[in-house]
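Chain and residue survey
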Amino acid sequence: MKLYNTLTRQKEEFQPLKGKTVSMYSCGPTVYNYAHIGNMRTYIFMDILRRALKRNGYTLKGVMNITDVGHLLSDGDEGEDKLNKAAREQKKSPAEIAAFYTEAFMADIEKLNIGKPELIAKATDHIGEMLEFVVKLCEKGYGYETADGIYFDISRFPGYGKLSGINLEEQRAGARVEVNPQKRNPADFALWKKAAPEHIMRWDSPWGPSYPGWHIECSAMSRKYLGPLFDIHTGGVDHIPIHHENEIAQSEALEGKKTVNFWVHGEFMMVDNGKMSKSLGNVYTISDLEGMGYSALDFRYFCLNAHYRKKLNFTFEGLTGAKTALCNLRTALQAHKAAPAAAPAPDLSGYQKDFAEAVGDDLNIPYALGVLWTMVKEGKKHPAVYAAASEMDTVFGLSLDRLPPAEEKKSRSAVIPAEILRLAEQRRQARLNKDYKASDSLRAEIEAAGYAVIDKPGNEYEIQPKAEK
Ligand code: AMP
Ligand code: ZN
């Protein structure tokens, strides 16, 4: 199986370090808000990689972290801790915020058929390991103290920048005014931060009440669970220049050698060819899509149409196309399943070979999906085709054996306008804040526009058109 390694910038033959077991670390979500569909694209990619490895006979030892401390508003060590901010604004404890959004994330990945990694580790459960890591880095001369925290001195680590290929000299020339004048180099990053008096999350340390930087959690947890050298590290491409560059610096500085064999990154999802952002109102969650009549697996199918290393532009036209294609695929497979098995089985080995080659070629899933479609469309109906497709689905994870929804047409006409979804979201927020007056008036507004909101447990809801118009 070939995989593109970001570090070497080429496709390489993948071989695990130890026999048939693959050790893999995946950067998990920062649980201060609902994960959006862009985040989910990255976890679908992680899942496809895990499934492909399993199909090739490997056993997975996967670790994913849950970031519940340390991730600041900017990836470059500036701004407030995201969890701290959400807790302050919502008048809840950081642990409550983290628990709520972790549960929502787990519910989403289940709907998306994303298999859970073998171990899921919370950053706040590993403060001791992180602190020990930072103390060791300081002892080795890589860490130094400033007024607001402990920083990593990148000039002590000559390999800094090798993952992203950034030119530190150019970066220095174009650097903006440094917020922390005590930093020795502009790209030095925080290992540990001293807690301001109003900072909620804080732990004792040799530097007083403080909390970990963001990057250290992944170095400390991967080391604890996967050892000083492991097979694969995954994440989204936005992590290459800062988070993963910093992870490499910390881990290699501690071990004195390479700690990850393959760095594998998923490209970004765009919306309307641009960045997703709250201010543009184009950030969607899986629940949003469901409220609009699409299933989580329609979205998964949409993602599988693009190679994981290509940017993918999200549009509702594209998602509707994916929904139709998935429905047609399931319908066609049901016909194969129901066909008489007595007839001689068609020879499917050519398709199976092409499928395996595509998956083994740096996860060429769009091509593999094409092979599946050709197999399903060509030749006579036969249950062997259904069986072969089900086997391929161990990689796609599309639940192809499910019956196509009988009310497919009905749900397609039930695509809900974005304005109604916005009102419904506002209503959810109002209900969370126990502002029932606002929530009632929002319901009235939604109903006046011809839609009904049906409340579901756990603050979920469904929107339906009240009557055909
Ligand atoms: P975060 O919760 O911000 O730590 O991000 C979780 C994961 O989602 C990380 O692996 C990011 O690289 C990834 N990610 C963030 N935004 C996008 C996007 N628009 N498209 C694809 N992946 C993304
Ligand atoms: Zn990470």
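Placed above this text is the structure.
This text gives an overview of the structure that appears in the document.

Cut-offs used in this document
- Residues numbered from 1 in each chain as written.
- Chains lettered and ligands numbered in written order.
- Predicted model: local features only at pLDDT ≥ 70, side-chain atom pairs only at ≥ 80, totals over all residues.
- Heavy atoms only, no water.
- Helix = DSSP H or I, 4+ residues; strand = E, 2+ residues; numbered from the N terminus.
- Contact = heavy atoms within 4.5 Å.
- Lys, Arg positive; Asp, Glu negative; His and termini not counted.
- Charge placed at Lys NZ, Arg CZ, Asp CG, Glu CD.
- Phe/Tyr/Trp six-rings, centres within 6.5 Å; stacked < 30°, edge-to-face > 60°.
- Lys NZ or Arg CZ within 6 Å of the ring centre and 35° of its normal.
- 1 Å grid on protein atoms, 1.4 Å probe; cavity = no way out; pocket = protein on both sides within 12 Å on 5 of 7 lines; lining within 4 Å.
- Points joined across faces, edges and corners; volume = space filled by probe spheres on them.
- Nonpolar A, V, L, I, M, F, W, Y, C, P; charged D, E, K, R; others polar.
- Salt bridge = Lys/Arg side-chain N within 4 Å of Asp/Glu carboxyl O.
- Buried < 20%, exposed > 50% of the residue type's maximum accessible area, 1.4 Å probe, protein only.
- Pairing = 2+ DSSP bridges.
- Axes fitted to C-alpha atoms, helices over the stretch in contact; angles between N-to-C directions.
- Polar contact = N/O pair within 3.5 Å; in protein donor to acceptor, adjacent residues only side chain to side chain.

1. Examining the overall build of the chain
- Regarding its fold elements, the chain presents 16 helices and 17 strands.
- Its C-alpha atoms put the chain at 75 × 60 × 40 Å along the principal axes.
- Taking contacts inside the chain between residues at least 6 apart in sequence as the whole, the part at least 24 apart equals 76%.
- Computing the positive centroid from 61 side-chain charges and the negative centroid from 62, the chain places the two 3 Å apart.

2. Examining the packing of aromatic side chains
- Scanning the model with the defined rule gives 20 aromatic pairs in all.
- Positioned over the ring face of Tyr 144 is Arg 184, at 4.0 Å from the centre of the ring.

3. Observations regarding empty space enclosed by the protein
- By the definition in use, this model includes five cavities of 30 Å³ or more.
- Here the largest cavity defines a volume of roughly 150 Å³.
- Looking at the largest cavity, it is lined by 15 residues, and the ones nearest its centre are Phe 45, Cys 303, Leu 304, Ala 306 and Tyr 308.
- Here the lining of the largest cavity takes five residues from helix α1 (residues 37–55), the largest share from any one element.
- A class-by-class count of the residues in the lining of the largest cavity yields 10 nonpolar, three polar and two charged.
- Estimates place the volume of the second largest cavity at around 70 Å³.
- In this structure, the second largest cavity is lined by Gly 70, His 71, Leu 72, Ser 74, Asp 75, Asp 77, Ala 190, Lys 193, Gly 213, Trp 214 and His 215.
- Elements that contribute at least two residues to the lining of the second largest cavity include exactly β5 (72–74) and β10 (189–194).
- Its residues assigned to classes, the lining of the second largest cavity comprises three nonpolar, five polar and three charged.

4. Some remarks on the pattern of salt bridges
- By the definition in use, this model includes 26 salt bridges.
- Two residues, Arg 431 and Asp 455, come together in a salt bridge whose shortest N-O distance is 3.6 Å. One end of the pair, Arg 431, is in helix α15 (residues 418–432); the other, Asp 455, is in strand β16 (residues 451–456), with 24 residues separating them in the sequence.
- Judged by relative accessible area, Arg 431 falls into the partly exposed class, the value being 27%.
- Residue class for Asp 455 comes out partly exposed when judged on its relative accessible area of 30%.
- Note that Asp 455 and Arg 443 form a salt bridge whose closest N and O atoms lie 3.2 Å from each other.

5. What to know about the sheet that holds strand β9 (residues 149–152)
- Read across the sheet, four strands follow the order β8-β9-β10-β11 without closing on themselves; strand pairing throughout is antiparallel. With partners counted over all chains shown, the strands left at the sheet margins are β8 (143–146) and β11 (210–212), one partner each. Strand-to-strand twist of the sheet, defined as the mean angle between neighbouring strand axes without regard to direction, takes the value 25°.
- In this structure, β8 lies alongside β9, joined through four bridges in antiparallel fashion. Residue pairing across strands places Gly 143 opposite Phe 152, the latter belonging to β9.
- Strands in contact with helix α7 (residues 240–255) are β9 and β10; relative to β10, the strand with the most contacts, it is inclined by about 85°.

6. Things to note about helix α2 (residues 82–90)
- The set of residues buried in α2 consists of Lys 82, Leu 83, Asn 84, Ala 86 and Ala 87.
- Regarding α2, its N-cap is Asp 81, as a side-chain oxygen of that residue lies 2.8 Å from the backbone nitrogen of Leu 83 further along.
- In the stretch just after α2, Lys 91 is the one whose phi turns positive, near 50°.

7. Points about the sheet that holds strand β4 (residues 59–66)
- Taken in spatial order, the five strands make up an open sheet running β7-β4-β3-β12-β13, and their pairing is parallel. Since the sheet does not close on itself, it has two edges, and those belong to β7 (119–122) and β13 (260–266), each with one partner. Sheet twist, expressed as the average angle between the axes of neighbouring strands with direction ignored, equals 20°.
- In this sheet, β7 lies alongside β4 in parallel orientation, the contact comprising four bridges. Note that in β7 the partner of Asn 65 across the bridge is Ala 121.

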